[in-house]
Amino acid sequence: MMNVQIFPSRKRVEPNDKLTEKVFSLLAETYYDMVTNGSRYNLVEVVNHKKYGEILTPFWLELINGYTDKTPLDQFDRAVLAACISEWAKGNKHTTPSVIYRHMTGKIGSDAEPKAALRVAILKSIDRLMCTQIKIDMTDVCEKLGYNEGKPLKITSAILPCAYIEGLIINGQSTTVIKLLMESPLLIITNAKKQILEYNETLLNVPKQRNSVDVIGVKNYVMQRVQEIIQHQMTPTIKFDDVFRKCRLMDLHNEQKRRVRKVIIELLEYLKSEEEIISFKLQKEGNKFSSITFIYKKELKK
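None of the values given here were measured: they were computed from a predicted structure.

Colleague: Please clarify how the environment of lysine 90 should be interpreted in this entry.
Modeller: Inspection of the secondary structure assignment puts lysine 90 in helix H3 (residues 75-90). With 77 residues separating them in the primary sequence, lysine 90 and valine 13 have C-alpha atoms 9.2 Å apart. Every residue in contact with lysine 90, bar those within four places of it in the chain, is listed here: Phe7, Pro8 and Ser9. Within the local environment of lysine 90, its side chain forms a polar contact with the backbone oxygen of phenylalanine 7, the two atoms lying 2.8 Å apart. Separated by 3.2 Å, the side chain of lysine 90 and the backbone oxygen of proline 8 make a polar contact.

Structure, rendered in structure tokens:
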């Protein structure tokens, strides 16, 4: 019987480059074409470089190991991947659905367990990530922007190289253990670009918030945007339509969109209470809430 000891990380480590952003927000028809017809996607890394003009990174996606679900990867999948990458970054080669759930929700303690439906969703996401192969050609961008010391970088790998075994006993409980086999190719790429986000994942533990698949996707996407803005001192505005689009929620009716905005507001309120941000304000266009702006500490030091 396999005996695994797991000491989870509490630090979130996640890729934050254009490639990762695009992989998890492709239009459904684009994703379908890529995994069905082998079509290439040309990612624009730089639009108008003063010397080279447009700089591209081509990539391809392929379903492997007999996997046939052509539903595009989404923000929930990205959060699952980030949880596994956070464990890998700490040096852990094993994780569980419960550990992944705590990474995505910020919950603490052995009693913070996902409900059955969410556990199923996490394992379904693991299946998607381990059975979706990405091929990336970084030759152009490495040569022109100096990534990887200017040397070509080409990778073909499952987005999450892993295997899992169900029914193992960990701390007296039967669970599924996920073995991380190697570094995610998206982590390799983002390390070459030096575009990693790191933050305390307890910031995701918004009080009294129901952690459904959609809420986790929205909350993790907005947190990624907040951390990106803070760490790179960007314009501190998040547009609601951008959240709906990136989280594949554009078809929601108005009441459902109102509930999504409430999730975002609750997260910002919690970040304010934890002194991660100083204040925030809702912005309107006409009679419609269009965005949320916030003030953060580093901004005041400019």
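Okay, back to it.
Colleague: Where do I start with the confidence of the model for the protein in this structure?
Modeller: When pLDDT drops low, the exact placement of atoms in the prediction is not to be read closely. Per-residue pLDDT for the protein averages 93, and the proportion of residues at 70 or more is 96%. Taking the mean pLDDT of every element in the protein, the minimum, 61, falls on helix H11 (residues 297-300) and the maximum, 98, on strand E5 (residues 132-137).

Colleague: How should I be thinking about the sheet that holds strand E12 (residues 288-295) in this particular structure?
Modeller: The pairing of strands in a sheet comes from backbone hydrogen bonds and takes either a parallel or an antiparallel form. Across the sheet, which stays open at both edges, the three strands sit in the order E10-E12-E11 with antiparallel pairing between neighbours. This sheet does not close on itself; its edge strands, each paired only once, are strand E10 (237-239) and strand E11 (279-285). Between one strand axis and the next, the sheet turns through 25° on average, direction left out of account. Bridging between E10 and E12 involves three bridges; their strand directions are antiparallel. Across the sheet, the residue bridging to lysine 239 is serine 291, located in E12. Most of the contacts of helix H8 (residues 213-232) go to E10, to which it runs at about 150°, and overall it touches E10 and E12. Across the sheet, helix H10 (residues 254-273) touches E11 and E12, and the angle it forms with E11 is around 155°.

Colleague: Could you clarify how one ought to interpret the sheet that holds strand E4 (residues 94-95) in this entry?
Modeller: One open sheet accounts for three strands, arranged E4-E8-E7; its pairing is antiparallel. Two strands lie at the open edges of the sheet, namely E4 and strand E7 (162-170), each paired on one side alone. Two elements, E4 and strand E8 (residues 173-180), share two bridges in a ladder whose sense is antiparallel. Bridging across to E8, histidine 94 finds its partner in lysine 179. Against the sheet, helix H4 (residues 97-105) makes contact with E4 and E8, and its axis sits at roughly 75° relative to E8, the strand it touches most.

Conventions used here
- Residues numbered from 1 in each chain as written.
- Predicted model: local features only at pLDDT ≥ 70, side-chain atom pairs only at ≥ 80, totals over all residues.
- Heavy atoms only, no water.
- Helix = DSSP H or I, 4+ residues; strand = E, 2+ residues; numbered from the N terminus.
- Contact = heavy atoms within 4.5 Å.
- Polar contact = N/O pair within 3.5 Å; in protein donor to acceptor, adjacent residues only side chain to side chain.
- pLDDT = per-residue confidence, 0-100.
- Pairing = 2+ DSSP bridges.
- Axes fitted to C-alpha atoms, helices over the stretch in contact; angles between N-to-C directions.

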